[in-house]
Amino acid sequence: MKPMDSAYEERCRQLTRQLLDSLDGALAALVCRADGIEIAQAQRRPVDVARLAAVASSLGALGDAASREAGIGSPRCVLVDSSMGRLLVRCVGQGEQAVIVALLTDAQMVLGQVWAQLRQAETLLTGSPA
Amino acid sequence: MDLKIVFTGTPGAGKTTAIAALSDVVPMSTDVANTDASLHKATTTVGMDYGHVDLDDGFRVRLFGTPGQERFAFMWRILAQQALGLVILIDNSRPAPLDDLRLYLDHFAELLPALPCAVGVGRTLECPLPTLDDFADALADRGLALPVLAVDVRQRDDVLMLVETVIAQAEAGATPT
């Protein structure tokens, strides 16, 4: 596996902790490479991070493909809205620098809050506003 | 009439390439940068590939490609739903191609007794071992009698041969013994 810059990995760890700390309804947060290998994670509820990372990368790539096929630009987020919670997947960066940020929340989480936090997450990881 | 055929198999075996070689339309792909240096490739599929081809006999074959890595096995099961048949692509230049085949046989074990399937083995010129007979023996060990073909997935005719083999099995109602 190609090594990732340690400062960047630390930013990813900081980001996952920040997401959990700032959102009461957040159950787990993870950052993984675009090909589904986890980089950093934080969780309040036990989740199988390796499996969630693989699913998140597929969702991110499918969201990208769906946006392309539909001609609606670049995807900002893929939302899985389920009866007992939500999974949000955001693609950050491009090419070899692309990563996926995934956030698992309870069903009561206010989506506007999550969007704002995920935008901040992108700024933290890329150094530029989303 | 529409048919669905799923291409699965080892990372780097050429699932994306095979679909691109045969599809009448520009395929939809979900390739991203590969960060696993052991795979020796720049990009890898993490969601699915899609293309389709219209055959002379009026069939439109919808071609779905899976990711190769086992961590994406959940996509294998999703994509195999309602499939007419399955193509398993094996890269003979990998360290243990027979074990690679067994991995996919294990994951599709529940479906294979009723799912027409062909095995395509690539890079057999550079890596002649294991032989096609060895693959047939590995299948026989599981009680399966499936066609095993040497293929170059960059060649449209080779990929078409795999698809037509699967369709022929389905038409004959052939099930593995």
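Above this note sits the structure.
Here's a quick rundown of the structure. Owing to the predicted nature of the structure, the values given are computational and were not obtained by experimental measurement.

### Here's the deal with the overall build of chain A
Of the regular secondary structure elements, chain A holds 3 helices and 5 strands. Each helix and strand of chain A, placed in order from N terminus to C terminus, yields the pattern α-β-β-α-β-β-β-α. What you see for chain A is a C-alpha radius of gyration of 14 Å, in line with the 14 Å of a compact globule of 130 residues. Judged by the C-alpha coordinates and their principal axes, chain A covers about 35 × 35 × 30 Å. Out of the 130 residues belonging to chain A, those deemed buried represent 38%. At a minimum sequence separation of 6, the contacts of chain A that also span at least 24 residues come to 46%.

### Focus: the packing of helix α3 (residues 97-107) of chain B against helix α4 (residues 132-141) of chain B
Residues and elements named next belong to chain B. Close contact between α3 and α4 brings their axes to 10 Å; oriented N to C, the two are set at 35 degrees. In the packing of α3 onto α4, the handedness of the crossing is right-handed. Residues Leu-98, Leu-101 and Arg-102 of α3 form the contact with α4, whose participating residues are Asp-134, Phe-135 and Ala-138. Tallied by class, residues from the contact of α3 with α4 come to 4 nonpolar, no polar and 2 charged.

### Remarks on the interface of chain B and chain A
Across the boundary between the two partners, chain B contributes 15 residues, which contact 19 residues of chain A. When residues of the side of chain B that touches chain A are traced back to their parent elements, those giving at least two are β2 (31-33) and α2 (73-80) of chain B. Its residues assigned to classes, the side of chain B that touches chain A comprises 8 nonpolar, 5 polar and 2 charged.

About the cut-offs
- Residues numbered from 1 in each chain as written.
- Chains lettered and ligands numbered in written order.
- Predicted model: local features only at pLDDT ≥ 70, side-chain atom pairs only at ≥ 80, totals over all residues.
- Helix = DSSP H or I, 4+ residues; strand = E, 2+ residues; numbered from the N terminus.
- Rg over C-alpha atoms; globule rule 2.2 N^0.38 Å.
- Buried ≥ 20, exposed ≤ 12 C-beta atoms within 10 Å, placed from the backbone.
- Contact = placed C-beta atoms within 7 Å.
- Axes fitted to C-alpha atoms, helices over the stretch in contact; angles between N-to-C directions.
- Left-handed = near helix turned anticlockwise from the far one by under 90°.
- Nonpolar A, V, L, I, M, F, W, Y, C, P; charged D, E, K, R; others polar.

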